[in-house]
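Here's the letter readout for the chains.
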Amino acid sequence: PWNEYVSDHFDLGKAQELLDKDHYGLEKVKERIVEYLAVLKLKGDMKSPILCLAGPPGVGKTSLGKSIADAVGRKYIRMSLGGLRDESEIRGHRKTYIGAMPGRIIQNMRKAGQSNPVFVLDEIDKVLGMNVQGDPSAALLEVLDPEQNGTFYDNYLETSFDLSRVLFIATANNLGNIHPALLDRMEIIDIAGYLLEEKIQIAKRHLIPKQLKENGMDKKKLVFSDEIIEKIILDYSRESGVRNLEKLIAKVIRKKASQFVQEGKIKGKQITLQDLHHALGAPIFQKERSLDASVSGVATGLAWTAVG
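Attention here is on the structure that accompanies the text. Only a predicted model underlies this, so the values are computations on that prediction, with no experimental measurement involved.

Below, the discussion takes up the nonpolar core. Core analysis: the largest hydrophobic core is formed by 52 residues, its most contacted members being Phe-224, Ile-232 and Ile-249. Leu-84, Met-109, Val-127 and Ala-139 belong to the second largest nonpolar core, which has 30 residues in total.

Below is the structure:
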């Protein structure tokens, strides 16, 4: 599919709508994506910048890539780089080797059937550095440089290939592990964790409907009030993403599902505090207060980590 380019749908209103539908919050990220699409529309042909979404696990970095592909109307390819240690995975093998094949990038292009897909490079901070099989992170330098990737050379193709129309989106948890030269070539978009209010909205709009459906309870609609969701977030799950929150919600729903199957009915569709204690046990976190009376030699401290 080497000369097949898909023409993009540039309805910025629709793109914004799609991004809002799939992800709650993340305003800065969405704004940057819409700006990017606007420039692409004006210019028609643009050396795609390389966006790198950096943030803690479970904040929706990978799924943002999927939403971007939907918004632009291009094919979506995801390539996980976690634990990649062989340079020829990216560059391809020379044809003299037995079992030689092109690199993963060219293979994925062939699979997509078009030369300008949205290409998500997942976990770019987990690529191994220099080792016996070469240095894969150095091989990525050419792929991710908008100035150079118009003539990306794959050892198997033995000719240069134009990657400049591909929209590359990298995701990473920890920027400290990325090769400095690689970091320099990407535009970093920081995705911090979600606030309590955002998490409540995400739970109501996305997590609860999804888990009700996955646990076979979508016909017996259970009702989670805002207070109950807040209680789950504050007492049981302190993290910047929403993955753990989703597991806890699933746990509560499963308890109700098992009650329904055993007794043939559910006692109350409204989830209560008692249900929470029954499903999740005693609260794990307590809300801490600052000291009322100041005591000499005692201070209120605040700790911060990359994940919340």
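A positive phi angle, close to 50°, is found at Leu-26, a residue other than glycine. When you line up the elements, Leu-26 lands in the loop between helix 1 (12–22) and helix 2 (27–43). Of the residues examined, Leu-26 reaches a relative accessible area of 11% and is grouped as buried. For Glu-123, which is not a glycine, the phi torsion comes out positive at approximately 55°.

With that settled, the discussion passes to the packing of helix 8 (residues 196–214) against helix 10 (residues 243–263). Geometry of a packed helix pair, given as the angle between the helix axes and the separation of the axes. Where helix 8 meets helix 10, the axes come as close as 10 Å, and the angle between the chain directions of the two elements is 50°. Taken as axis vectors, helix 8 and helix 10 run oblique relative to one another. As helix 8 runs across helix 10, the sense of the crossing is right-handed. On the side of helix 8, the interface is formed by Lys-199, Ala-203, Leu-207, Ile-208, Lys-210, Gln-211 and Leu-212, while helix 10 contributes Leu-245, Glu-246, Ile-249, Ala-250 and Ile-253. Here the residues of the contact of helix 8 with helix 10 sort into eight nonpolar, one polar and three charged.

Conventions and cut-offs
Residues numbered from 1 in each chain as written. Predicted model: local features only at pLDDT ≥ 70, side-chain atom pairs only at ≥ 80, totals over all residues. Heavy atoms only, no water. Core = buried A, V, L, I, M, F, W, Y, C linked by side-chain atoms within 4.5 Å. Buried < 20%, exposed > 50% of the residue type's maximum accessible area, 1.4 Å probe, protein only. Helix = DSSP H or I, 4+ residues; strand = E, 2+ residues; numbered from the N terminus. Axes fitted to C-alpha atoms, helices over the stretch in contact; angles between N-to-C directions. Parallel < 35°, antiparallel > 145°, perpendicular 65-115°, else oblique. Left-handed = near helix turned anticlockwise from the far one by under 90°. Contact = heavy atoms within 4.5 Å. Nonpolar A, V, L, I, M, F, W, Y, C, P; charged D, E, K, R; others polar.

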